[in-house]
Amino acid sequence: MIEKHIILEDIDPVAFYGVKNSHLQVIRSLYPKLRIMARDNIIRVLGDEEEMCAFEDDIERMRCHMLKYNVINEEDIIDIVKGVQTKADSSKDVIVYSLAGKPIKSRSINQQRLIDAYDKDDMVFAVGPAGTGKTYLSIALAVKALKEKTARKIILSRPAVEAGEKLGFLPGDMKDKIDPYLQPLYDALEDMIPAVKLQDMIDKHIIQIAPLAFMRGRTLSDAVVILDEAQNTSQAQIRMFLTRMGWNTKMIVTGDLTQVDLPKGQKSGLRYAIETLEGIEGISIVNFSDKDIVRHKLVTKIVNAFDKKDKENEQRINKD
C-alpha cells in the first residue's frame, strides 16, 4: 500500500469536490481500491499502486477540465474515468468559459476584429458606444492569457474622473473612494474566475486593479494591460500610460468618445492618441458601432436617441 498527496492547483477545490462533497463521493465509488481523503486543495490517497497511477492521471484530467470550463459535474467525472470524450467546444473561437460554464466568444463582426487585432498586434484601441462588449471581451482575452501562461499578470486601470461627487467627500479610506470607479472591472473578472481564486490572485498581485494615477513611473512587462474608459484621460495621462509598455506585454485601450466626462474644453486623451498613433505598425484601432451592442435591446435605442439629440443640438449651435 502506498500513499500520495495530490495538489489541485489553479482551481476552486470547493467547486471541484461538489456540494456536500458529492463529486468526491462519485470519485471514491469509481476507485474502490483507494482510500481518498480531501482537505482544502490537497487530496490524500492510500491504496493499490496500479490504481493510484490511473487515479492521478484522471484527477489531472478533471483539474484541466475545470480549469478550462470553470465547472465540472458528475457526468464529466464518469466520462473522464471511463475515457469517454467530454464536452467539446461549441466553437473553436471560444476565448474562455464563465463560472457557469457559458462560452465567452465574439458576438459581432467588430468583436471578432478586436480578437484578431489582439492576436496580431501588441497595442489595440477599441472605441465605441456602451454595451458593445469592449471591456468584457478585453478582460476575457487577458484571463485566457493568464490561464495559458502567455502572460504573468493582468493589469487593469481606469481614470478616476469625478462626476458629481468629490473624492474627498466620499466615505472611507483611499481604497474605498476609488473602488466604485473600478467596480465594472471587478464585475467582469468575477464572471470568469472563482471568488476565492480571484482574491488570491489580487493578494499576490497577479491581477492588479488600480486608478490611472497609480501607473506613473512603472514599466509593465509580461502582462496584459487594459485601460478602460480612456475617453476620460487627459492628453498627458494617455501619453504617460501608453509609454508604460514593457517587454512581452499586450495593451488594450477601450473608450467611448460620446461619453467624455472631462471639463468642458479639455480634449479627450483617447481622441488625441488615436489621431496621433493611427497608421503605426503594431497598433490596431477597432471602431464599434450601435450594431455591436450586446446588452438589452433598449440600449441600442437609447444610444441612437442620444446620438440623434446630440446632432440636433450641434446643428442648432452652428446655426446660432
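This write-up is about the structure you can find in this document.

Okay, the environment of Leu189 next. Among the structural elements, Leu189 can be located in helix H7 (residues 174–190). Taking relative accessible area as the criterion, Leu189 reaches 0% and is therefore assigned buried. Measuring from C-alpha to C-alpha, the distance between Leu189 and Val143 comes to 8.1 Å, with 46 residues separating the pair along the chain. When neighbours within four sequence positions are excluded, Leu189 is seen to be in contact with Ile139, Val143, Leu156, Leu198, Ile207 and Ile209.

What follows concerns the layout of surface pockets. Approximately 420 Å³ is the volume found for the second largest pocket. If you list the elements that add at least two residues to the lining of the second largest pocket, you get helix H3 (49–69), helix H6 (134–147) and helix H8 (195–203). Classifying every residue of the lining of the second largest pocket by side-chain character gives eleven nonpolar, one polar and eight charged.

A few words on the environment of Ala54. With respect to the element layout, Ala54 can be found in helix H3. Spatially, the C-alpha atoms of Ala54 and Tyr31 are 9.4 Å apart, while their sequence positions differ by 23 residues.

With the rule as written, the count across this model stands at three aromatic pairs. Pairing Tyr31 with Phe55 gives two aromatic rings, centres 5.2 Å apart and planes at 90°, and the pair type is edge-to-face. Residue Tyr31 is located in the loop between helix H2 (22–30) and strand E2 (34–39), and its partner Phe55 is located in helix H3; the two are separated by 24 residues in the primary sequence. Classification of Phe55 by relative accessible area gives buried; the value is 0%. Sitting over the ring of Tyr118, Lys250 keeps its end group 5.0 Å from the ring centre.

Another aspect to go through is the sheet that holds strand E7 (residues 153–158). Within a sheet, adjacent strands bond to each other through the backbone by hydrogen bonds, running parallel or antiparallel. Reading across from one edge, E8-E7-E9-E10-E6-E11 is the order of the six strands in this open sheet, with parallel pairing throughout. Every other strand in the sheet has two partners, leaving strand E8 (207–211) and strand E11 (283–287) as the edge strands with one partner each. Averaged over all pairs of adjacent strands, the angle between their axes in this sheet comes to 15°, without regard to strand direction. Examined bridge by bridge, E7 and strand E9 (residues 223–227) share five bridges and lie parallel to one another. Bridge pairing in E9 links Ile155 to Val225.

Spatially, three strands are ordered E1-E3-E2 in an open sheet, and the strand pairing comes out antiparallel. Edge positions in the sheet fall to strand E1 (2–7) and E2, since each has one partner strand and no second. Mean inter-strand twist for the sheet, computed between neighbouring axes without regard to direction, equals 15°. Relative to strand E3 (residues 42–47), E1 is paired through six bridges, and the arrangement is antiparallel. Looking at E3, one finds that Ile6 is bridged to Ile43. With respect to the sheet, H3 is in contact with E1, E2 and E3, its orientation differing from that of E1 by roughly 5°.

Now for the packing of H2 against helix H4 (residues 74–82). As a packed pair, H2 and H4 sit with axes 10 Å apart at the nearest point and diverge in direction by 25°. In this view, H2 runs roughly parallel relative to H4, as classed from their interaxial angle. Regarding H2 and H4, the two cross each other, and that crossing is right-handed. Taken together, the residues of H4 that come into contact with H2 (itself represented by Ser22, His23, Val26, Ile27 and Leu30) are Glu74, Ile77, Ile78 and Val81. Its residues assigned to classes, the contact of H2 with H4 comprises six nonpolar, two polar and one charged.

Calculation criteria
Residues numbered from 1 in each chain as written. Predicted model: local features only at pLDDT ≥ 70, side-chain atom pairs only at ≥ 80, totals over all residues. Heavy atoms only, no water. Helix = DSSP H or I, 4+ residues; strand = E, 2+ residues; numbered from the N terminus. Buried < 20%, exposed > 50% of the residue type's maximum accessible area, 1.4 Å probe, protein only. Contact = heavy atoms within 4.5 Å. 1 Å grid on protein atoms, 1.4 Å probe; cavity = no way out; pocket = protein on both sides within 12 Å on 5 of 7 lines; lining within 4 Å. Points joined across faces, edges and corners; volume = space filled by probe spheres on them. Nonpolar A, V, L, I, M, F, W, Y, C, P; charged D, E, K, R; others polar. Phe/Tyr/Trp six-rings, centres within 6.5 Å; stacked < 30°, edge-to-face > 60°. Lys NZ or Arg CZ within 6 Å of the ring centre and 35° of its normal. Pairing = 2+ DSSP bridges. Axes fitted to C-alpha atoms, helices over the stretch in contact; angles between N-to-C directions. Parallel < 35°, antiparallel > 145°, perpendicular 65-115°, else oblique. Left-handed = near helix turned anticlockwise from the far one by under 90°.

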